[in-house]
Amino acid sequence: MKPSFRLGLSVIIALAAVAGVVEYRAGRELDLARQARAKSDHETAVNHYTRSLNWHLPWGSAETAAGEMLELGLYLARRGQDAEAALALSRVRSGLHGARSFYTPRPDLIAQAEPILARLMAKSRLGPAASPKDMDRLTGRYLEIMRQPARPGLGPALAASLGFLLWTGSVLGFVFRFYPKTPATIRSPWRRAWPYAFFWALGFALWLGGLKWS
Amino acid sequence: MPTLLTGRSKGFTPGPELVLLPLFFLYLVTALPAIGWRDNSEFAVTAFSLGVAHPAGFPTYSLLTKVLTFLPLAGAPFRITLASALYSLICLYILYRMIIYAPTIGPDESTQSRSWAAAGTILVFGLTSTLWTNSTEAEVYSLNILFLAGLFYCALRWTGEGRDAWLYAGAFLYGLAAGNHGSVGFYLPGLLFYFLFQARRDIPRRLGLIAFFFLLGFSVYLYLPLRADANPAFDFGHPNTWDRLLMHLTDRKDSEAHFVAARVGLKFLDHLWIFISQTAPPVFWILGLPLTLIGAWRLWRRDWPLVIFLAYASAINIFFFLHWAADLSNYLPAFLIAAYLAGLGGSWLLSRSALGSSPLLLGSALALIFIAWVGLRLPVQDRSRSFIPLESYRADFEALPPEAITITGHQWFHQRAYQDIMRLREDVTVILSSDFVWPQWFNPVTPARFPRADVPPDPFFEAEKGEYLKKFVRANLEQGRDIYCEPFDLGTRVFYTHLKPALPFNLKFQPQSVEKLQPEEVQSALNQLRRKLEKELESEGLVEEVGLHAHYIDLMFRYAQFFERHREIGASLAILRFLEDMFGPAGTNTMWPNYRARLHEGIGHNLLAAGRYGEAAVRFEAAIALDRYDYVAWANLGLARLKENQLEPARQALEQALTLDPKPAEALYNLGEYYRKLNQPRTARQYYARARELVDSPQTKAQIDQILTELDKAAQP
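Since this is a predicted model, take the numbers as computed values, not measurements.

Participant: What exactly am I supposed to notice about the packing of helix 1 (residues 17-30) of chain B against helix 18 (residues 359-381) of chain B here?
Facilitator: Between two packed helices, the angle of one axis relative to the other and the distance separating the axes together describe the packing. Residue and element names in this part refer to chain B. Their axes nearest at 12 Å, the elements helix 1 and helix 18 cross at an angle of 15°. As far as their axial angle goes, helix 18 and helix 1 are roughly parallel. Crossing of helix 1 against helix 18: the hand is right-handed. Contacts between helix 1 and helix 18 involve P22, L23, L26 and T30 from the first element and F370, V374, L378 and Q381 from the second. By residue class, the composition of the contact of helix 1 with helix 18 is 6 nonpolar, 2 polar and no charged.

In structure tokens, the structure reads:
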């Protein structure tokens, strides 16, 4: 087997192993959450749903866990168990945000959880005797806090990361192109290496810009 | 095709993936599932949010690790942990390449013996608990040794092939490595020595190019001012100006502590002995050292400057970190070098034995090592179910009322992870206590940073230590905000009287000074702390958690101190004794010796306050047995003996204490007491006066002044 083939195969096996382990653990936690919920042990259920979300894989068991935890939070809110409901809804939100990569999974569930969560927080702050006007004002305020864009922004962060890989890779590329194994046969090392200098400049600029604006 | 299992072909050579894939799977299934303690949390946050970590900032780590956070697999902290595993595996791959690199060893050793020796070496090194631990948590050490391995590999290829590309690639990697862990700077003299002895021609021009490519790599530090300027939430030291950047890079805050090993003569020898007898695994001296020496001898014949450089790099690594003997991660560079040399030694041995041509036997031996070692170490190394670092502090954080303010120390790293990665409770204002107390080293508190809090507009740097914090607390309490604080004296000792227990690990600021805690408040606080810890002990195996020592335990020390300051000696003792019970009798004690010493010292201090001098003395002696350079334990032992009227032992302990601290105010004061008891007022006066010069507290100064006046009166005829 060629080394490149072996490397590629190893990477595929490694990624498959990660996906397998992550999904297995998400499923296990989801099962534990369901068992606890069947016994009406909501606190334990929320803990296991949250752990399941820690093992998020797109379209996997973790997304089912997020949906079920949202449903549980809404149910508890309807029953007036405000603290438990707030905890469940808050965990739906934080679990999905904690699994974000180049995208945030299930924004629809987050959008459903946030208004109820904001109202529960306002209620806990103002007390049950608060006027509807005050309640709406504070709910709006908490909702605004939750809906602020996450930092660092995705675009600049991607630019910073890709720029960094580009300029560091280009320096190494430049060095090995400029100083080949058999220098006597190379007439103009600059001609061979200049594209790397260009990519270095591009990567460096991208990196600086990404860091500045992310 | 020849296979490992049948061994039909004698020409079979194991590729690195045969070892690396099982190791990857092992790291994957035993890795921390979420954030870890303190620095682990910190690195997870700074990598995810492109923040600024503690000195020297670790920009290379943050930038490289950030790339992996874009993978949509599991929670972000787990991805960051997997980055550590990946760095370790690439490091092991390079180590493999280094060992099989033919020009280093010479043509008299077969490819087969080199490959088997390399596979065995990376397997054993990958299974060492130090590398295993560092591959299963968010830390910078695995990336550090990856860069070092890369650097060594470049050096080998440069001298082996004479191609300057390797020289400049090495210089560039060295610059990047400096951006990951500043300690690589210590290798510079060794690297220069190596270059000067190997370079035969054109030295000035090549040195200039080396400096150029190094600086290119080192330019990664531009990250710090750029990110500080963007005001990320995690912005340790805020290095946005030239002065602050220099302070951050040189770690001026802790630089004295870093070089302590170099200045403490005898203690250095003690630490060296601890390293030899306890830190380095015993198996190294039996198997590793002979192989390492053989490898060094083999390499010496081909490339003696490299051996000198590697020996220097190992020695400087061990020397610099010697006083942190308990944390083996610091020694990974030395372990890497030993592994390389041992691999060369192993190759030489295999080429001269019948074993070297028996793939079936060698393959079985490696498989056996893997299975046996994993079976043995798995219960200790497996942290895959350890959610405590994520969940323990989170319970307090989630229980905070809306728009509360938390002033934090240990919990800051975790609370930042909750907000910056998980976007949990973004309504809470989280402030690092050090930002208030040491703004010159941390990040000054400004209205722009904390728009939801009432931040006093004073010029912060000119404020007296703690005064600014008092104004901040007062202003926000007046606005009806709830302010919480973890047990921590904030460097001022004045805030404990304004705090009451509220959550298991957090106290709450009170508008009025609390003169006396009510018995039911104390009992309730102890109960909820105990319930929490017992629950975690039962469900999670609290004691086994790595990193617990430095953080969780410290918080309990501080909680005990809180009760002690409130003169609740019983409660303080209860916390410390609970801590002692948690870790069990000496035989099964997993608490690091310095923390055990501190525990004895804390209990002794409480017993002293309770007037139980004999018991206190026993505790101080136990602390001294664990650390004979512990100034506080000696000074307190002297005091306990003095209270018991055992004057000669008291004097001996106090004079020993005098030799251990440059500002031994307590020991001097107690020696004053000693000579006063002996009715030698003139000598007593000298000690009191010396103690007075060293104390900061105005109250203590006034107390000493009163004693001095009394002594002067007594001396008058």
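After presenting the structure, the write-up continues.
Participant: What am I meant to see in the sheet that holds strand 5 (residues 506-509) of chain B here?
Facilitator: Strand pairing in a sheet relies on backbone hydrogen bonds, with the paired strands running either antiparallel or parallel. All names here are of chain B. With mixed pairing, 5 strands are arranged side by side in an open sheet as 2-1-3-5-4. Since the sheet does not close on itself, it has two edges, and those belong to strand 2 (429-432) and strand 4 (499-503), each with one partner. For this sheet the average axis-to-axis angle between neighbouring strands, irrespective of direction, equals 30°. As judged from the 3 bridges shared by strand 1 (residues 405-408) and strand 3 (residues 483-485), these two strands associate in the parallel manner. Looking at the pairing, I407 lines up with C485 of strand 3. Contacting strand 1, strand 2 and strand 5, helix 20 (residues 410-420) crosses the sheet at an angle of about 145° to strand 2.

Participant: Can you help me understand the packing of aromatic side chains in this one?
Facilitator: Aromatic ring pairs are defined here through the distance separating the ring centres and the angle between the ring planes. This model, assessed by the stated rule, comprises 56 aromatic pairs over all chains. Judged by centre distance (5.1 Å) and plane angle (70°), the ring pair of B:F197 and B:W304 falls under edge-to-face. Highlighted residues: B:F197 in helix 10 (residues 188-198) and B:W304 in helix 16 (residues 282-321), separated in sequence by 107 residues. Note that A:R25 overlies the ring of A:W55, its terminal NZ or CZ placed 5.0 Å from the centroid. In this structure, B:K66 is placed above the aromatic ring of B:F48, and the distance from its NZ or CZ to the ring centre is 4.8 Å.

Participant: Sorry if this is basic, but what is going on with the environment of B:T65 here?
Facilitator: All names here are of chain B. With respect to the helices and strands, the residue T65 is situated in helix 3 (residues 59-68). Accessibility expressed as a relative area gives 0% for T65, which makes it buried. Put simply, T65 and L50 are 15 residues apart on the chain and 9.7 Å apart in space, counted from C-alpha to C-alpha. The residues touching T65, leaving out its near neighbours within four places in the chain, are A47, I80, A83 and Y87.

Conventions used here
Residues numbered from 1 in each chain as written. Chains lettered and ligands numbered in written order. Predicted model: local features only at pLDDT ≥ 70, side-chain atom pairs only at ≥ 80, totals over all residues. Heavy atoms only, no water. Axes fitted to C-alpha atoms, helices over the stretch in contact; angles between N-to-C directions. Helix = DSSP H or I, 4+ residues; strand = E, 2+ residues; numbered from the N terminus. Parallel < 35°, antiparallel > 145°, perpendicular 65-115°, else oblique. Left-handed = near helix turned anticlockwise from the far one by under 90°. Contact = heavy atoms within 4.5 Å. Nonpolar A, V, L, I, M, F, W, Y, C, P; charged D, E, K, R; others polar. Pairing = 2+ DSSP bridges. Phe/Tyr/Trp six-rings, centres within 6.5 Å; stacked < 30°, edge-to-face > 60°. Lys NZ or Arg CZ within 6 Å of the ring centre and 35° of its normal. Buried < 20%, exposed > 50% of the residue type's maximum accessible area, 1.4 Å probe, protein only.

Just distances and angles here, no functional claims.
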